[in-house]
Amino acid sequence: RNFTIVDNDDQKSILKEAYKLFGLEIKSYSFASVLDYIANCKSAGVNPEQALNMSNKFTSEYVKAQCYGYYEGRLHAMYARDFHDPVLFTRKILKMLPQIRD
C-alpha cells in the first residue's frame, strides 16, 4: 500500500549509482541490457543472490547480477517497486492460492 512504482528514469538513476559503486562504464553495460537481465531474472524467479551464485565471477553476467542486487536493495530502501513486481506478485499469488485463481 505504501510503495511507489519507479519509472524508467528512476531505474536508470539507480543503475547510475550501481555503475559508480562498481566502477562500470555505460558504454560497456547499457542500461537496457542490465534492465533486461533484471527483468528476465525476476520473471524466472531468480533473486539477486541466486543470480550471483549462478554466474561466473569473470563474466558480464556476474556484473549484471551485482547490479541486480544493488537495484533490488535500492528499491527496498525507497519503498518502491518496478513495473514487473506487481505482475510477478499477482502471478505468484494465483499459482499459490487456487481458490483465488478460480
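Owing to the predicted nature of the structure, the values given are computational and were not obtained by experimental measurement.

Q: Would you mind going over the nonpolar core with me for this structure?
A: In summary, soluble globular proteins display a tendency toward joint burial of nonpolar side chains. Counting 22 residues, the largest nonpolar core has Leu-15, Tyr-19 and Tyr-71 as the members making the most contacts within it. Where this core is concerned, the elements lending two or more residues are α1 (8-22), α2 (31-44) and α4 (60-77). Beyond its immediate sequence surroundings of up to four residues, Leu-15 is in contact with Phe-31, Val-34, Leu-35, Ile-38, Cys-67 and Tyr-71.

Q: Honestly, the packing of α1 against α4 in this entry has me stumped. Any pointers?
A: When two helices pack together, their arrangement is given by the angle between the helix axes and by the axis-to-axis distance. Viewed as axis vectors pointing N to C, α1 and α4 meet at an angle of 125 degrees, and their least axial separation amounts to 9 Å. When the interaxial angle is binned, α1 and α4 end up oblique. α1 and α4 meet at a crossing whose hand is right-handed. Of the residues in α4, those in contact with Gln-11, Ile-14, Leu-15, Glu-17, Ala-18, Tyr-19, Leu-21 and Phe-22 of α1 are Gln-66, Cys-67, Tyr-70, Tyr-71, Arg-74 and Leu-75. Looking at the contact of α1 with α4, its residues break down into 10 nonpolar, 2 polar and 2 charged.

Q: Just checking my understanding: could you explain the environment of Asp-82 for this structure?
A: The residue Asp-82 is located in the loop between β2 (80-81) and α5 (84-96) in this model. Remark: the alpha-carbon pair of Asp-82 and Thr-59, spanning 23 residues in sequence, is separated by 26 Å. Those residues within four positions of Asp-82 in sequence are excluded, and the remaining contacts are Ile-5, Val-6, Gln-11, Lys-42, Tyr-71 and Leu-75. A polar contact of 3.1 Å, which involves the side chain of Asp-82, links it to the backbone nitrogen of His-84.

About the cut-offs
Residues numbered from 1 in each chain as written. Predicted model: local features only at pLDDT ≥ 70, side-chain atom pairs only at ≥ 80, totals over all residues. Heavy atoms only, no water. Core = buried A, V, L, I, M, F, W, Y, C linked by side-chain atoms within 4.5 Å. Buried < 20%, exposed > 50% of the residue type's maximum accessible area, 1.4 Å probe, protein only. Helix = DSSP H or I, 4+ residues; strand = E, 2+ residues; numbered from the N terminus. Contact = heavy atoms within 4.5 Å. Axes fitted to C-alpha atoms, helices over the stretch in contact; angles between N-to-C directions. Parallel < 35°, antiparallel > 145°, perpendicular 65-115°, else oblique. Left-handed = near helix turned anticlockwise from the far one by under 90°. Nonpolar A, V, L, I, M, F, W, Y, C, P; charged D, E, K, R; others polar. Polar contact = N/O pair within 3.5 Å; in protein donor to acceptor, adjacent residues only side chain to side chain.

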